[in-house]
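Inside the fold
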Amino acid sequence: TEEGPDLGSNSFFRLERPAILLVADAPLDPYETGTVWHLLDVLHDYPVTLVRRSQLERMDLSRYNALVLPTAWGQAYGKGLVDKVRDWVRGGGHLVCLGNAAEWAIREGVVSTIREREDQKADAESPAADSADKSASAEENGSMRRPFAAAADDKALERIRGAIFQTEVDLTHPLAYGIGTARLPVFVESEFFLEPSSDPYQTPLIFTDAPLLSGYASTKNLQRMTGAAAAAVEPIGSGAVILFGHSPTFRAYWRGTEKLLLNALLFGGQMRP
């Protein structure tokens, strides 16, 4: 060709048609499960197989090359899945973990290059640091008193229950295929954040230094979010595990990040440099 990659070169990949398995039923979040199903079945008229969580450990995964684990209400995913899922990914499967399913994958060692972001201390040189020193010291010593009735409101102020944040996108990563801008707003509804991958090529989506675009987040959560990964990838064998700290299909309302999930299902085999 006169420009661009030559036909037949290794710039081209043969894609395998996704055979998608979606875990459903209690105690999985029905909202998230429903929106993933809606994206595939209704918006794209693409077949997806639903399976009960209780059936997953004993079923044959070899018929499928893409598996979506949605957020769960409680501990839905156990240790019994770890070896089964890792072997399946190593053979070419694409495992997509949403919300606390990503937390499970980290905790149980399904992935090794990605971990959860822990609480971060405020920058000692920030303008608010000096004024906060006395309050922090008083709180550590147990001398800061608060009304009993304020406990619930104080707790609520440390939660994220729906706000919009800015991310930077690695447009060269397969997860970002088809996205045309290096900034992508995401909708976040939890306080779970990922550290960037220890593999420098596998953090395709990262929160900016001033991430809040709309809504509320406490100073503590903004500190934890700054520079955190919104999505991270770990290739294993011929497949890959893709972790999302947020819901890319939130209630079929936040459309801008749906493409990330579709790319995760389609391009898992191409997610290594």
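Residues numbered from 1 in each chain as written. Predicted model: local features only at pLDDT ≥ 70, side-chain atom pairs only at ≥ 80, totals over all residues. Heavy atoms only, no water.

1. A short note on the nonpolar core
Ranked by internal contacts, the top residues of the largest apolar core, which has 39 residues, are V96, F165, F207, I242 and F244. With four residues, the single largest contributor to this core is helix 8 (residues 258-266). Apart from the residues within four sequence positions on either side, V96 is in contact with L67, V68, L69, I242, F244, L261, A264 and L265. The next biggest cluster of nonpolar side chains, apart from the first, holds 35 residues, and it includes Y64, Y77, L81 and I106. (Core = buried A, V, L, I, M, F, W, Y, C linked by side-chain atoms within 4.5 Å. Buried < 20%, exposed > 50% of the residue type's maximum accessible area, 1.4 Å probe, protein only. Helix = DSSP H or I, 4+ residues; strand = E, 2+ residues; numbered from the N terminus. Contact = heavy atoms within 4.5 Å.)

2. Let's talk about the confidence of the model for the protein chain
For any part of a model where pLDDT is low, the fine detail of the predicted coordinates should not be relied upon. Predicted confidence across the protein chain gives a mean pLDDT of 87, with 91% of residues reaching 70 or more. In this model, residues 121-138 is a region of pLDDT below 50 whose contacts with residues beyond four sequence positions or in other chains number seven contacts. (pLDDT = per-residue confidence, 0-100.)

3. Focus: empty space enclosed by the protein
Going through the model one piece at a time under the given rule, you end up with one cavity of 30 Å³ or more. Counted as a void, the largest cavity has a volume near 40 Å³. Looking at the lining of the largest cavity residue by residue, the classes come out as seven nonpolar, two polar and no charged. (1 Å grid on protein atoms, 1.4 Å probe; cavity = no way out; pocket = protein on both sides within 12 Å on 5 of 7 lines; lining within 4 Å. Points joined across faces, edges and corners; volume = space filled by probe spheres on them. Nonpolar A, V, L, I, M, F, W, Y, C, P; charged D, E, K, R; others polar.)

4. Describing the pattern of salt bridges
Summed over all chains, the structure comprises 11 salt bridges. Here R107 and E108 are joined by a salt bridge, their closest N and O atoms 3.4 Å apart. R107 gets classed as partly exposed once you look at its relative accessible area, which sits at 43%. For E108, a relative accessible area of 18% puts it in the buried group. Across the salt bridge formed by R161 and E191, the nearest N and O atoms sit 2.9 Å from each other. One end of the pair, R161, is in the loop between helix 6 (151-156) and strand 5 (163-169); the other, E191, is in the loop between strand 6 (183-188) and strand 7 (205-214), and 30 residues separate them in sequence. Each of K79, R107 and E108 takes part in a single network of salt bridges with overlapping partners. (Salt bridge = Lys/Arg side-chain N within 4 Å of Asp/Glu carboxyl O.)

5. Description of the packing of aromatic side chains
Two numbers describe a pair of aromatic rings. These are the distance of the centres and the angle of the planes. With the rule as written, the count across this model stands at seven aromatic pairs. Taking the centre distance of 5.7 Å and the plane angle of 45° together, the rings of F187 and W254 count as tilted. Separated by 67 residues along the polypeptide, F187 in strand 6 and W254 in the loop between strand 9 (239-244) and helix 8 bring together distant segments of the chain. Considered together, F187 and W254 belong to a single accessibility category, that of buried residues. (Phe/Tyr/Trp six-rings, centres within 6.5 Å; stacked < 30°, edge-to-face > 60°.)

6. Notes on the sheet that holds strand 7
Spatially, 2-1-3-4-9-8-7-5-6 is the arrangement adopted by the nine strands of the open sheet, whose pairing is mixed. On the outer flanks of this sheet lie strand 2 (49-52) and strand 6, each paired with one strand and no other. Across the sheet, the mean angle separating the axes of adjacent strands is 25° when strand polarity is ignored. Across five bridges, strand 4 (residues 94-98) lies against strand 9 in parallel orientation. Paired with L98 across the bridge in strand 9 is F244. Helix 1 (residues 30-43) contacts strand 1 (20-24), strand 2, strand 3 (66-69) and strand 4 of the sheet and is inclined by roughly 155° relative to strand 1. Strand contacts of helix 4 (residues 100-107): strand 3, strand 4 and strand 9, with the helix running at about 115° to strand 4, the strand carrying the most contacts. (Pairing = 2+ DSSP bridges. Axes fitted to C-alpha atoms, helices over the stretch in contact; angles between N-to-C directions.)

7. Describing the pairing of strand 4
Most of strand 4 is tucked away, with five of its five residues classed as buried. Residue alternation in strand 4 divides its side chains into two sets, H94, V96 and L98 and L95 and C97, and both sets are buried. By the bridge criterion, four bridges tie strand 3 to strand 4 in an arrangement that is parallel. What sits directly across from V68, in strand 4, is V96.

8. Let's talk about unusual backbone geometry
Non-glycine residue R251 carries a positive phi angle of around 50°. Within the secondary structure, R251 is located in the loop between strand 9 and helix 8. With a phi angle near 55°, A252 is a residue other than glycine that sits in the positive phi range. Judged by relative accessible area, A252 falls into the partly exposed class, the value being 33%.

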